Structures are given as structure tokens and as C-alpha cells.
Amino acid sequence: MEYDFSTIEKKWRKHWQENNTYDSKMDSTKPKYYGLTMFPYPSGAGLHVGHPLGYIASDIYARYKRLKGFNVLHPMGYDSFGLPAEQYAIQTGQHPAVTTEENLKRYREQLDLIGFSFDWSREVRTSDPQYYKWTQWIFKQLFAAYYCNDADQAMPIENLVAVFESEGNTKVNAVNDCEIEFTADEWKSFDEKKQAEILMDYRLTYLADSWVNWCPALSTVLANDEIVNGVSERGGHPVEQKLMRQWSMRITAYAERLLKGLDQLDWSDAVKDIQRNWIGKSVGASVYFQVADHDEEIQVFTTRPDTIFGVSFMVLAPEHELVAKITTEEYKEDIKKYQQKAGLKSERDRMSDTKTISGQFTGAYAIHPLSGEKIQIWIGDYVLASYGTGAVMAVPCGDQRDWDFANHFNIPIKNIFADVSIEENAYTEKKGKIANSDFLDGLEVTEAIKKAIEVLEEKKIGEAKTNFRLRDAVFSRQRYWGEPFPVYYDNGIAKTIEDQYLPIELPEVDKYLPTPDGKPPLGNASNWYWDSEKNKLTSKDRAEEANVHPMELNTMPGWAGSSWYFLRYMDPHNEKAFVAKEKVDYWNNVDLYIGGAEHATGHLLYSRFWSMFLHDFGFIPFEEPFKKMINQGMILGRSNFVYRDKESGKFISFGKRKEFKTSRIHVDINIVNNDILDTEAFKASRPEYANAEFILEDDGTYLCGNEVEKMSKSKFNVQNPDDLIEKYGADTLRMYEMFLGPLEQAKPWDIKGINGVNNFLRKLWRLFHDQEGNVLITEGEPDAKALKTIHKTIKKVQEDMDRYVFNTSVSAMMICVNELTEQKCNNKTVLQDLVVLLAPYAPHIAEELWVVLGNEAGTLSDANYPVFNEDYLVEDAFEYPVSFNGKMRFKVELPNSLSKEEIEKEILSLEKSQKYLEGKTPKKVIVVPGRIVNIVV
């Protein structure tokens, strides 16, 4: 009986589903293990073979931990809000929920085929109102909180109000944007709207005018990680800078904790470094420059206050609020043109473009706070309004970008470094002595920094300060398909809807585009007003009534739901809390998180931020959500290309292409076999190719070019896992994806090797069956060789699993099966251990063979992982290579218990030895026990 993977896999998928095999429950008698993969956005294209890589690794490890006696939580769900479904809705008029549901079904079918041990009873979807009810609730908690620097944590906003009422804000040490000081009496004299505006400056989620990445084609704000090379990642549309009233999250309040927390995490150094750089802690000073002939002041942050006397000019961000106030009449038109040009670039492009030098003089001057000298004020797009103060003091002698700017615009450069030439470039080292700097002359850099800050503070023209590159996260999107804010506006005051009326569900709209007057799509809803008396949504026809208020028209960004989903998995059906205390206390944080490195900043920072906040308020017992994280490498596709002659339009085979001027075109890999194109299938693939003409190789074939690239539909190099499962089985696919190479590394997909893995599973099957399909299992004590084989495999596989190394485990099991086949081992004890070792990787065949071994009750998932016994690896004998005068002549096996003398005696007594001695007495016999014997004649 041959290995019928199709029947076996269907059988066990059905068994697991019907018996709820992988449903997890709290069990205090076992240690817990929480394994998680970053949950997917279900696109209409479904999965390709690159997508399941992390899921398979996570599943293998979750199955391994279960066999090791852990109580395993291994859930799965969907990040089901997203721009693609909305764009499709705009094009077709179909509700995003319909598209999303179809995509979810497709994903679920594919995931089930691969045989994952997910606890589907805990499935969550971010677009489910019963899920986003709690996203809205968490938003409300952030809205009702501020960050107290003295306590170094978030606290209820009511505490802050109590302080305002008793003593005003002059002594309040909190993270805020408030620009006024007031007494308790003044606070009490403010009307409700003024008080709300002040509190908004302290809240952890707040409304403010923010510079955002605006994509006109998509009619929405984009996060930095949604922009690639200056255009939207989705659709490739231009992005510009725009000042908009937006909800934001005050993640900057947690910057120091987010930075320090990285030291405790078992993450790769690469990901931690990315986060450290994104947070970007800088220690230095704030310095205040007065604007000449104006009452305005420019505040700058610098890490090098020792270079204060080297300031040659100042640069403001093009969007800086002072630009319009200080620009002289002479330069207004030039400034306007420059601002328009800069506004077309995304922040990321402006930060990364270090080669382009551009700027525009405002005509205004600043007064140097120490020398009193007038300094030109320019604008330049390399300065960002959203970073720091949106202004820099330019020290071209010590900063290369400032040096390039000064040279480009012929601005004189002051040198404040002793014995250093700045003729060719800036001096960027943080060492040496300061010169031409008044009271700083002769001081080393570190001493000069301290002295400069001391004088700045003494003269009240600056102060010591720590700054972060991290900026508050814009939390508004001008989309339909996202979480509605539980917010309405009462005379312009943002108010949140009470908990018992959540969730606030998305309303129906006639169209998913912005309104004619530019409002977000929710402005098209007919019932998007809040009746504060009846506490329910109502029609816009009642908008004039005193108790009826407009709702927030923006929706939350995609990262809202993904910032806390790992918590909901612990208690997905709880209607009274986002997670019950006893459940989050038991499951605690995620033990192993597997996902792509593309989320190294956005998702991971936001989920860490929300976890820290929820911990501050006592909702969860931990600050860090993910103890250990592994970033799986990308599986790359092997693309194929055809070559079209630019003149004749004919398709030129790869070997002939140099004779022509050709353009390269991607071709579907499914009509290519070993780089040979099926020309008839190519003609049928697209109408424009129906009459294609070819110039072929000499053997009559069309040879395609190839290249390893990212797997993508647009490159026609996507391999569907369903096709491979149909041909080879899910167990083969699972093992092959692991066999390709180390999990963390990128690797090209190559279908050629999958046959080897499939043959391995067939060879494994034949260890248990004869050619007629009869079971060959034998009882009794295994022989020593079989025990040695299986226990060295147990040792290797367990060591690899504990190091999260999966590819060499597959190799070890292949070697094991080969050795057992040579030994003709059919022993139940040995094969049972082998099946359990294999089970995490190839669960379907393992379950079937578990039954073949006579284990009728339950499932292999409840088995115990085999225990390595090193006694079986101890050799009773050693095969010695015997050399004469350094040349190996033969081998002989001797017991390991023999002494040197006994080994020598045994060797010399052999007939083979006498042959090579030729009657002579050896001059010397060298014996190294367990290694060699060398006889010198």
C-alpha cells in the first residue's frame, strides 16, 4: 500500500475539527505556552507559498511545546479592516464587508489545507463590531488619561483636573502641549470649551493640527510605513504634506520606556536597533533665538551646544508657522514656490534624500543669543516641522549637510575647531578642542558641552534637554472601512460615548468616496449624529436639535485593532471586558511571536505602547507584549522573462536576444518548465499575445530568462500552495518550506527540491508497511544500532527545536529514516519515537502512523515527547584504522574496554598484520585508543 497523502490528510483534518483537538483551556497543572504569528490581512489573491512560512514555523513549535507537556495557546484571526477592500468598494460599489468575507473564506480554506493547530474557537476579526467595541473602549481609556512624569506612568485625567482646581498647572509635571500657565481661580473661570481645549493638550489621545502624508488619489492620510519612494504603497499614488485636524496618540510620552524595554526582550539585534533608531534619543540643549525686528522667538534643539558660536545661519521647515510671519515682501513669492514644491514630498523622502541641496532665504534674520550677531533665516525641506521644533541652528563647520548647504548658497562658514581644516568638508568628530568661541575656547568637546549648557541656563537663553526622534502617531484616517471613533462633538467639544452604548457600528453609506465638500466618506451617512438624550445614533434631519450632535467622520487606522489583538485571543467571547483578569494573568504575554521584519517599527511600537498604557492602568500584568520574536525571512520567487524585439515585436529567445534590441517582460511561471516557455500557452495567456511570433533556440525551444525577486502577482512568479498540496500533500509542503534554509533568512523558492521531501515521507511510510500494505511493526527490545540512530536523532532535533532551527531538524530525520531503512528496523519502540519527533513537521502522516503503531485512543497531540538517553550513544567498540609506516592498510573493530597494551597485542596477532610485517619486529607501535593504530617497521 503506497502512501496516500490525500486520503490521510482529509481524514485527520476532519478528525481534528470534529474533536476540537486544538481548543485550548486554562490549566494550572501545566506550564503555559502562548505562540503567535502576526495575523494576516486577507487579500483577494489568497496565500502564496511565501505567506505560510512563519505560520508553519509557529505551528511546529506550538505542537512541539504541547508534546513537551505545555498547555498551548495557538490562535489565529484576521486584520480585516484595510484600504484594498475599500478601494475595491469604490470601484465596484460592493460593500467592503462582502469582499472581506469572501477573502476570509478563501484564506481559511487555504490555512486548513496546510493542517495548522490553530484554536479556531478563538478567531478574532478586527472588523467585527464585537471586537472593535473594545478597540473603541481602549481609545476611550487613552482619551481619559494623561502621562505624569513624576509617577512615570499614565494616570486618570480626573486626577489632573483635581490639581487644576486646587492649584492650577504651574507645578504640574506632565507630558503636554499646553502653552499657557494658569492658577486654580483662572481654571475655574474658564468656560467648558476652554477647559476642554486645555485638557486636550494633556490627553494621551488628542485632537490637534498635524502635518500629515496626504494622498489625494486615495483621499486619506497615510502613515510613513504606507509610503514607498514618495508614493503610496497601495496603488503608487503621489503623496503630499498637508496640515489637518487629526486625532493623534501621544506615544512620545512612552519614548524612554519604549527604549529601555528593548533591553529586556529576546528579539534580534537588527529589529531592536531599528526601534532604537526610530525612537532616536538625543541628549543636548534647547536654545532660543530672537527674530530680528519681530517679537517672535525660534527654539532649536541641538546635541552640540558646544558649537553655539559656529552658528552661521538658521533653517526652518517650509511648513513652520513662523515662515509666513517673518518672510519679507521681497522673498514672499519665492518662499511660496518653494513651499509648494516641498509639499509634494513625503517626510520619508525628505529625511532620506541626503544628496539634493535646496532652500530659500526668507529675508529675515535671527539674533545670536550670545554674540548678538545677525544670522540669516532660510527654509529647507531637509528640516521637518513634525520633528523637534521644526528649526535647526546650522553649524556648517561641524555638520556635513549644513556645510553642503552653506557652500551651495555661498554662506560664510565659521570654524570653531582648533587646528582643524574645514576647507574640503565639515569636521564631524565629537572630539578635539573648541576655538573662536569666547568662554568655550580651549575646552575639550565634552567639557564645552557642559559649560555651554551651564551658561545658556544661567542667561535664560536655553536649557538642558533630552529629545526623541519619535513623533506622536496620527490616529485618523479619511476612510470608510475602519473602526469608527466613539466620539461626537457638542458645540465643538469632543465627547466620548458611554461604555454601555458601544460598539458604535459603521453606518451604511451610498458611496465610499469623500463628500462633495471634501469630508471623509462617513459624511455620506444619513444617520451619523448622536442623540445625547436617547443615547443612540440618529438622522442628520435632526441636526438642528440641541441634543443632537455630529459624530466624528474619520475612522481609526489599521494599527488600532492590531495593537491589542493578542490580548483578545485570551478571552475572545467576553462581553463584559476586553480580557478577564484571571485569563490575562494565566496566559500572560506572548512567549514566541513570529512575523515579518517589515513591522519592526509601526506595529511593534504601537502594540508595545498600548501594552504599557494598559499595564499602567492595571488592566494587564505585563508591559511588554512579546517576550521573544523571530522575523521570518522572505521566500523569494523565481521569475521568468520573455524578450520582445523593439522593432519587429517578435519574442526573442534568451540565447538569441543579444542580436536584437529587446525589452524584458515578466511571464507567468506556470507556463514555463525549466525555463522553457510553452509558446501556445503564452499565446493564449493574453489577447495581445494571440498572434505572437518567436525567434527560437537552435533546438526549437523558447528559452526564458530568470531572476530571483520578491514573490508578487505583478511579477507572475507566485506559486499557489493549493496546487502543491494537491500534487504532493500538505506534510510535504510544510517540511519543504522548513527545509529551504534557516527561518530568518531570505531564500529563493525552487520547486525542484520538493520531490526529495515527498520521497522521504514515502520512504518513512515503507518502514511501517511491506509492498502489499501489510503492517511490519515488531515488538520487543530494539537492537543497539537502531537505538543509537533514534537517540542521536532525538538529541539533534530537540537541540534544534530549542534553538528555533528547523531546517537541520528535517535533515536529521531524513538521515534517521535512511539509517533505519538500511538496518531494516521495524521496531515499535524506535518507530514510535520517530513518529513523535516528526509530528510537529508532518502532523497528518504522523497521526496515521501513530494509529498503525497500535495507539488507537486519542491523538498523537497528547503523546509525550521522546526523552534522549545518552547511554545509547556510548559505543561498545571502535573500528580502528591500522597503518604501517603511516599508510592505512586495513580496519578492525575492537572493544572499547581494551587497554593500549591489549589493543597492541590484538593487532599484532592478526594474520593481516603478519602479512605487512613480513617477519620483522616492529620498531614502534603507536596506539591512540578510540582513534588509530600505527605500526612503524
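That block above? That's the structure.
Being a predicted model, the structure only gives us computed values, none of them experimental. (Residues numbered from 1 in each chain as written. Predicted model: local features only at pLDDT ≥ 70, side-chain atom pairs only at ≥ 80, totals over all residues. Heavy atoms only, no water.)

Okay, the overall build of the protein chain next. Of regular secondary structure, the protein chain possesses 29 helices and 36 strands. The dimensions of the protein chain, computed from C-alpha atoms along their principal axes, are 110 × 75 × 75 Å. Among the 937 residues that make up the protein chain, the fraction classed as buried is 52%. Accessible area of the protein chain: about 42800 Å², with a carbon and sulfur share of 46%. Averaging the coordinates of the 111 positive side-chain charges in the protein chain and doing the same for the 143 negative ones gives two points 4 Å apart. (Helix = DSSP H or I, 4+ residues; strand = E, 2+ residues; numbered from the N terminus. Buried < 20%, exposed > 50% of the residue type's maximum accessible area, 1.4 Å probe, protein only. Areas by Shrake-Rupley, 256 points an atom, 1.4 Å probe, with all protein chains shown as cover. Lys, Arg positive; Asp, Glu negative; His and termini not counted. Charge placed at Lys NZ, Arg CZ, Asp CG, Glu CD.)

The four strands lie next to each other as β2-β1-β23-β24, forming an open sheet whose pairing is parallel. The sheet is open, and its two edges are formed by β2 (71-73) and β24 (626-631), each paired on a single side. Between one strand and the next, the sheet's axes are offset by a mean angle of 20°, whatever the strand orientation. This element, helix α19 (residues 602-616), spans β23 (590-595) and β24 of the sheet and lies at about 175° to β24. (Pairing = 2+ DSSP bridges. Axes fitted to C-alpha atoms, helices over the stretch in contact; angles between N-to-C directions. Contact = heavy atoms within 4.5 Å.)

This paragraph deals with the environment of E726. Relative to the assigned elements, E726 resides in helix α21 (residues 721-728). A relative accessible area of 66% means that E726 is categorised as exposed. Placed 438 residues apart in sequence, E726 and Y288 show a C-alpha to C-alpha distance of 70 Å.

Right, let's talk about the sheet that holds strand β33 (residues 877-884) for a bit. With mixed pairing, four strands are arranged side by side in an open sheet as β34-β33-β36-β35. Among the strands making up the open sheet, the edge pair consists of β34 (887-895) and β35 (924-928). With direction set aside, neighbouring strand axes in the sheet form an average angle of 20°. Sheet topology note: the β33/strand β36 (residues 932-936) ladder contains three bridges and is parallel. Looking at β36, one finds that V882 is bridged to V933. In the packing of helix α28 (residues 900-908) onto the sheet, contacts are made with β33, β34, β35 and β36, and the angle to β35 comes to roughly 120°.

This brings us to helix α6 (residues 157-167). If you check which residues of α6 are buried, you get I157, L160 and F164. Buried residues of α6 fall within an arc of 55° about the axis and therefore sit on the same side. Exposed positions of α6 whose direction lies more than 90 degrees from the buried face are E158 and S166. Where α6 is buried, its residues touch β3 (145-148), β4 (153-156), α7 (184-189) and α8 (192-200). (Arc of directions from axis to C-beta.)

With that settled, consider the side chain of D833. When you line up the elements, D833 lands in helix α26 (residues 828-838). Of the side chains with opposite charge, K828 lies nearest to the buried D833, which makes no salt bridge, at 11 Å. When neighbours within four sequence positions are excluded, D833 is seen to be in contact with I790, I794 and P866. (Salt bridge = Lys/Arg side-chain N within 4 Å of Asp/Glu carboxyl O.)

We now examine a positive patch on the surface. Together, K887, R889, K912 and K915 make up a positively charged patch on the protein surface. Mapped by element, the contributors of at least two residues to the positive patch are β34 and α29 (911-917). Structurally, K912 is set in helix α29. (Patch = residues over 30% accessible without salt bridge, like charges linked within 9 Å, V, L, I, M, F, W, Y side chains within 5 Å.)

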